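# Per-entry structural report
Below, each chain spelled out in residue letters.
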Amino acid sequence: MEKFNRKDVAHLQENLPRLVKKPVNLTITDNTHSMIHIRPSGSGYKVRLHHMFLEADSEVLNSLARFVKSRNRKAPSVLRNFVAVNSHKIKQSPRKARQTIVRSKGRFFDLNALFDQVNREYFANEIDCPITWGANRKVRNQNSIKLASYSDRTKTIRVHPALDKSYVPKYVIMGIVYHEMLHHHLGVEHRNGRKMAHTTRFRQLEARYLHYHKLQAWKERNLHRLLGR
Ligand SMILES: [Zn+2]
C-alpha cells in the first residue's frame, strides 16, 4: 500500500462537501479502472476517488465538485487531463483492483475527527498516520474480534467496521484509537527476535486514557453484540 499524508485526506474531506454544498461520504481508493465513482446517498453523495486526488489543486477540486453535482456521464476536460497527467500513479497489477486505501468517515463515526481529538488531548498533535475503517468482513463464527490494528509496515491504523454502530459510545472508539496511536508513537520493539508491542511502558501509557476502565468493562459486556450474537 502506498503511503500518503493523512492531512491531505482531511483536506479533501473538508473541501469537497463545502464545494458540493452537500454531505459527501468520501473513500480513497487504489482502483485501477475507476478513478472517480459517484452515487447519490441520503441527502448527499458517496464518492470514491483514486488517491491521486489527494494532490489535486483547487481548479481540479472545483471541477470535481461540479462533476459530482452535475451527474453527467462524461468527466469534464480538467478532470480527464488531471487523470491523464497522474496516470503513472495508477497501479498496473489488476489483481488488487478496487482496493480501498482509506475511508475515515463511517455511518456514525468520523475516524479523522476522533483521531484529531485524541491527538490534541493526548499527543500534543504530534501523531501523523493514516486511519481508516477496515474492510467489511463478516465476523460470524468467531469467538473474538480484532477491534483495531496498527500496521508497522504501512503505518496505518485500521478500525473494525463492527464498531461503526449507534450503540457504541464515543469514548470506546476514542480509547481504541488511542491504543493504536500509541503503537505508532512507541513503535515496535524487537527483543530476542520477537516483536514486542505491548511492553510495560505501553501498558502504563495505555492506562492514562481517561476512560480506560470504563472501556475495558464495555468491551467485556458488549463483545457478543460486536460479534453479531
Ligand atoms: Zn495493541
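Just so it is clear, the structure is predicted and the values come from calculations on it, not from any experiment.

Here the focus is the overall build of the chain. In terms of regular secondary structure, the chain is built from seven helices and nine strands. Since a compact globule built from 229 residues should have a radius of gyration of about 17 Å, the 19 Å found for the chain is in line with a globular shape. Principal axes of the C-alpha set define a box for the chain whose edges measure 55 × 40 × 40 Å. Put simply, of all contacts in the chain between residues at least 6 apart along the chain, 65% involve residues at least 24 apart.

A separate point is the coordination of the zinc ion. Ligation of the zinc ion by protein atoms is provided by His 179 (NE2), His 183 (NE2) and His 198 (NE2), these donors lying 2.0 to 2.1 Å from the ion. Here His 183 falls in the buried class, since its relative accessible area comes to 7%.

So, on to unusual backbone geometry. Leaving glycine aside, a negative phi is the common case for residues, and trans is the common case for peptide bonds. With a phi close to 50 degrees, Ala 124 is a non-glycine residue in the positive phi region. Take Ala 124: it is sitting in the loop between helix 4 (111-123) and strand 5 (131-133). Residue classification places Ala 124 among the exposed positions, given a relative accessible area of 59%. The phi torsion at Asn 125 lies on the positive side, around 60 degrees, for a residue other than glycine. Mapped onto the elements of the fold, Asn 125 is located in the loop between helix 4 and strand 5.

Our focus in this paragraph is the pairing of strand 2 (residues 36-41). Relative to strand 3 (residues 44-50), strand 2 is paired through six bridges, and the arrangement is antiparallel. Along strand 3, the bridge assignment pairs Ile 38 with Val 47. Between the end of strand 2 and the start of strand 3, which pair antiparallel, lie two residues, with Gly 42 showing a positive phi angle near 60 degrees.

Another aspect to go through is the nonpolar core. In terms of nonpolar packing, the biggest core is built from 37 residues, with Val 159, Leu 163 and Ile 173 touching the most fellow members. Elements that contribute at least two residues to this core include exactly helix 4, strand 5, strand 6 (148-151), strand 7 (156-159), helix 5 (170-186), helix 6 (200-206) and helix 7 (212-226). Top element by residues in this core is helix 5. It accounts for nine residues. With near-sequence residues (within four places) excluded, Leu 163 lies in contact with Phe 109, Trp 133, Leu 147, Val 168, Ile 173, Ile 176 and Leu 226. Counting residues in each nonpolar core, the second largest holds 30 residues, with Val 9, Leu 26, Met 35 and Tyr 45 among its members.

Let's shift gears to the side chain of Asn 15. Tracing the sequence through the fold places Asn 15 in helix 1 (residues 6-20). Among the polar contacts listed, one links the side chain of Asn 15 to the backbone oxygen of His 11, at a separation of 2.8 Å. Within the structure, the side chain of Asn 15 is placed 2.7 Å from the side chain of Arg 18, a separation counted as a polar contact.

The subject of this paragraph is the pattern of salt bridges. Pairing between side chains of opposite charge can happen when their charged atoms approach one another. Taken as a whole, this structure holds four salt bridges when the rule is applied. Close ionic contact of Glu 55 with Lys 89 constitutes a salt bridge, the shortest N to O distance being 3.0 Å. Of this pair, Glu 55 sits in the loop between strand 3 and helix 2 (58-70) while Lys 89 sits in the loop between helix 3 (77-85) and strand 4 (100-102), and the two are 34 residues apart along the sequence. Glu 55 gets classed as exposed once you look at its relative accessible area, which sits at 55%. Residues Arg 203 and Glu 206 are paired through a salt bridge, measuring 2.8 Å at the closest nitrogen-oxygen approach. One end of the pair, Arg 203, and the other, Glu 206, are both in helix 6, three residues apart, so they sit about a helical turn from each other.

Take the domain arrangement of the chain next. How big an interface is tends to be reported as the loss of accessible area on association of its parts. Looking at the chain, the domain boundaries give domain 1 (6-102) and domain 2 (111-226). Each of domain 1 and domain 2 was reduced to a C-alpha centroid, and the two centroids are 28 Å apart. Of the residues lining the interface, seven residues belong to domain 1; the matching set on domain 2 comes to nine residues. Together domain 1 and domain 2 conceal approximately 630 Å² of surface at their shared face, both sides included; 37% is due to carbon and sulfur atoms. Remark: the boundary between domain 1 and domain 2 carries one salt bridge.

The rules behind each value
Residue numbers here run from 1 along each chain, matching the order of that chain's written sequence. Thresholds applied to this predicted model are a pLDDT of at least 70 for local features of residues and 80 or more for the giving and counting of side-chain atom pairs; totals over whole chains, interfaces and linings are not thresholded and use all residues. Side-chain figures throughout are based on the complete set of non-hydrogen atoms in the structure, without hydrogens or water. A run of H or I in DSSP counts as a helix once it spans at least four residues, and a run of E counts as a strand once it spans at least two, with each numbered from the N terminus. Our radius of gyration looks at C-alpha atoms and nothing else; its globule reference is 2.2 Å times the residue count to the power 0.38. Here, residues are in contact when the closest pair of their heavy atoms is within 4.5 Å. For Na, K and Ca the donor cut-off is 3.2 Å; for every other metal, N, O and S atoms count as donors within 2.8 Å. Water does not enter the count, which can leave sites looking incomplete. Each residue is assigned to one of three classes by its accessible area relative to the maximum for its type, calculated with a 1.4 Å probe on protein chains only: buried under 20%, partly exposed between the two thresholds, exposed over 50%. Two strands are counted as paired when DSSP detects at least two bridges linking them. As used in this record, nonpolar core signifies buried Ala, Val, Leu, Ile, Met, Phe, Trp, Tyr and Cys residues forming a set joined through side-chain atoms within 4.5 Å. Pairs of N or O atoms within 3.5 Å make up the polar contacts considered here, provided that, within protein, one atom can donate a hydrogen while the other can accept it, and that residues adjacent in sequence are counted only when both atoms are side-chain atoms. Put simply, a salt bridge is a Lys or Arg side-chain nitrogen that is within 4 Å of an Asp or Glu carboxyl oxygen. Start and end positions for the domains come from either an automated domain assignment or a database one. Once two parts are brought into contact, the accessible area they lose, counted with a 1.4 Å probe and summed over both, makes up the buried area.

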